[in-house]
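Summary of structural features
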Amino acid sequence: MNEMAVVVVGAGQAGLAAAYHLRRRGFAPGSEYVVLDHSPRPGGAWQFRWPTLTYGRVHGMHALPGMELTGADPDRPSAEVIGEYFTAYERAFELPVLRPVDVTAVHDDGAGALRVDSPSGTWRTRALINATGTWDRPFWPRIPGMADFAGRQLHTAQYPGPAPFAGQRVVVVGGGTSAVQHLLEIAAVAADTRWVTRRPPIFREDTFGEVQGREAVAMVEERVREGLPPRSVVSVTGLPMNEAMRAARASGVLRRHPMFERLTPEGVRWADGAHWPADVIVWATGFRAALDHLAPLRLRESGGGIRLEGTRVVRDPRLHLVGYGPSASTIGANRAGRAAVNDLLALLGSPVSTAP
Ligand SMILES: Cc1cc2nc3c(=O)[nH]c(=O)nc-3n(C[C@H](O)[C@H](O)[C@H](O)COP(=O)(O)OP(=O)(O)OC[C@H]3O[C@@H](n4cnc5c(N)ncnc54)[C@H](O)[C@@H]3O)c2cc1C
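Residues numbered from 1 in each chain as written. Predicted model: local features only at pLDDT ≥ 70, side-chain atom pairs only at ≥ 80, totals over all residues.

**Notes on the overall build of the protein chain**
- For the protein chain, the count of helices and strands is seven helices and 19 strands.
- Whereas a compact globule of 356 residues would reach a radius of gyration of roughly 21 Å, the protein chain reaches 22 Å, a difference of no more than 12%.
- With the C-alpha coordinates of the protein chain rotated into their principal frame, the extents come out at 65 × 45 × 40 Å.
- Relative to its 356 residues, the protein chain shows a buried fraction of 42%.
- Sequence separation of 24 or more characterises 72% of the internal contacts of the protein chain that already satisfy a separation of 6 or more. (Helix = DSSP H or I, 4+ residues; strand = E, 2+ residues; numbered from the N terminus. Rg over C-alpha atoms; globule rule 2.2 N^0.38 Å. Buried ≥ 20, exposed ≤ 12 C-beta atoms within 10 Å, placed from the backbone. Contact = placed C-beta atoms within 7 Å.)

**Remarks on the pairing of strand S2 (residues 33-36)**
- Both faces of S2 are covered, namely the face carrying Tyr33 and Val35 and the face carrying Val34 and Leu36.
- Read from strand S1 (residues 2-9) through helix H1 (residues 13-24) to S2, the crossover connection turns out right-handed.
- One ladder, built from two bridges, connects S2 with strand S3 (residues 97-98); its direction is parallel. Paired with Val35 across the strands is Val97, a residue of S3. (Right-handed = clockwise from strand over helix to strand, strands pointing away. Pairing = 2+ DSSP bridges.)

**Examining the sheet that holds strand S9 (residues 192-197)**
- In space, the five strands of this open sheet follow the order S7-S16-S8-S9-S12, with parallel pairing throughout. One side of each edge strand has no neighbouring strand; the edge strands of this open sheet are strand S7 (152-155) and strand S12 (256-258). On average, adjacent strands in this sheet sit at an angle of 25° to one another, irrespective of strand direction.
- Relative to strand S16 (residues 280-283), S7 is paired through four bridges, and the arrangement is parallel. Bridge pairing in S16 places Leu154 opposite Val282.
- Seen against the sheet, helix H3 (residues 177-187) touches strand S8 (169-173), S9 and S16 and runs at an angle of roughly 170° to S8. (Axes fitted to C-alpha atoms, helices over the stretch in contact; angles between N-to-C directions.)

**Examining the sheet that holds strand S15 (residues 275-277)**
- Taken together, the three strands give an open sheet; going across it, the order is S13-S14-S15, and neighbouring strands pair in antiparallel fashion. This sheet does not close on itself; its edge strands, each paired only once, are strand S13 (262-263) and S15.
- With two bridges joining them, S13 and strand S14 (residues 267-269) adopt antiparallel strand pairing. Bridge assignment links Arg262 to a residue of S14, and that residue is Arg269.

**A word on the domain arrangement of the protein chain**
- Taken domain by domain, the protein chain consists of domain 1 (2-136 + 288-348) and domain 2 (152-202 + 238-283).
- The distance between the C-alpha centroids of domain 1 and domain 2 comes to 33 Å. (Domains from an automatic or database assignment.)

**Notes on the site of the ligand**
- Around the ligand, a shell composed of 34 residues is seen, among which Gly10, Gly12, Gly44, Gly133 and Gly323 lie nearest.
- Those elements that place two or more of their residues in the shell around the ligand are H1 and helix H7 (330-348).
- Grouping the constituent residues of the shell around the ligand by class yields 14 nonpolar, 16 polar and four charged. (Near = placed C-beta within 6 Å. Nonpolar A, V, L, I, M, F, W, Y, C, P; charged D, E, K, R; others polar.)

**A short note on unusual backbone geometry**
- The step from Arg99 to Pro100 runs through a cis peptide bond, and the omega angle for that step is -5°.
- Along the chain, the position of Pro100 falls in the loop between S3 and strand S4 (105-108).
- Unlike most non-glycine residues, Glu94 shows phi in positive territory, near 45°.
- Looking at where Glu94 falls in the secondary structure, it is placed in the loop between helix H2 (78-92) and S3.
- Its identity is not glycine, yet Arg298 carries a phi of approximately 50°, on the positive side.
- The topology assignment puts Arg298 in the loop between S16 and strand S17 (308-309).

Here it is in structure tokens:
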């Protein structure tokens, strides 16, 4: 059994930011804190994003604390750029990331500590910073007829870029930025496309500045404080318009259809009986927080969410959720990592070691 003061689960933006601050505050890497991650390489979820999501197309990627990301080629896939940046970051700050380590469950050990289980080992820790993101929990809505559809269905998490959709009839479902990006790419090569969303999309013509950002975060924060599941970012920010989207609107590609009622073997059918034959359905329907490993701790409120005060779990102050709800952005993840470490210092006292 490995004994730690803090275990960080997840080495994406949020987990690395937390690890950086643990180190700065004097926790010894590897003996007082460790970062466990089940992905094969550095990069968090970015390593799995589709090749056409180039660095120039991500919006508002904030650097990790203490090291800028400079000179990146905007035409290279963000998976590569950010993977390399995270690799350099982990090395520069000698962060103790162990991978692949799949955390399967976290238990209260009954003696004041938490037990972190994985097939690669067990850790006993006084506190845990959870930074497991959402990529591992793609959300698929349940629609009648899904099992009967004869074509292909895939989620954003499996989106390979537009090439395989050449000449096909494709339905893209979802009202977020990923859906719009998939649609515009696919429409350039497909025989035909349909864009389907549950609610009418709200396009933003204004620039999304700091004030709007703060407002959006405050709305999600309020839900999390009440113990409700956090809402998706787009539900509070709307879809920022760009040139490509304006052109797609003018050409009819970015024309929203309401949600269909069911899938048939050949396509999709709306409540009014209209039917559209399709070869592929792309479910760009978002993600949920990947928190199954925390289930033994029974952290959920009756509202279905986990109540937080800042990043601290109200039901168990040994736990912090970073990159969750209001901090599910690169800038939010940075701030949350720092806040969690500051808060844990009050709980744990100063670390034993004096690591720089
Ligand atoms: C398509 C897409 C584009 C985005 N673009 C932007 C953008 O441009 N700007 C922005 O600010 N935000 C963007 N976001 C939001 C973005 O995901 C966050 O900003 C941020 O990168 C998430 O960091 P994270 O550390 O919380 O999670 P992740 O990057 O998902 O990292 C979580 C890590 O935890 C690991 N993990 C998960 N479960 C376990 C487990 N049980 N055991 C061990 N390890 C585990 C995973 O392997 C992963 O490495 C985007 C999101 C998506 C889906």
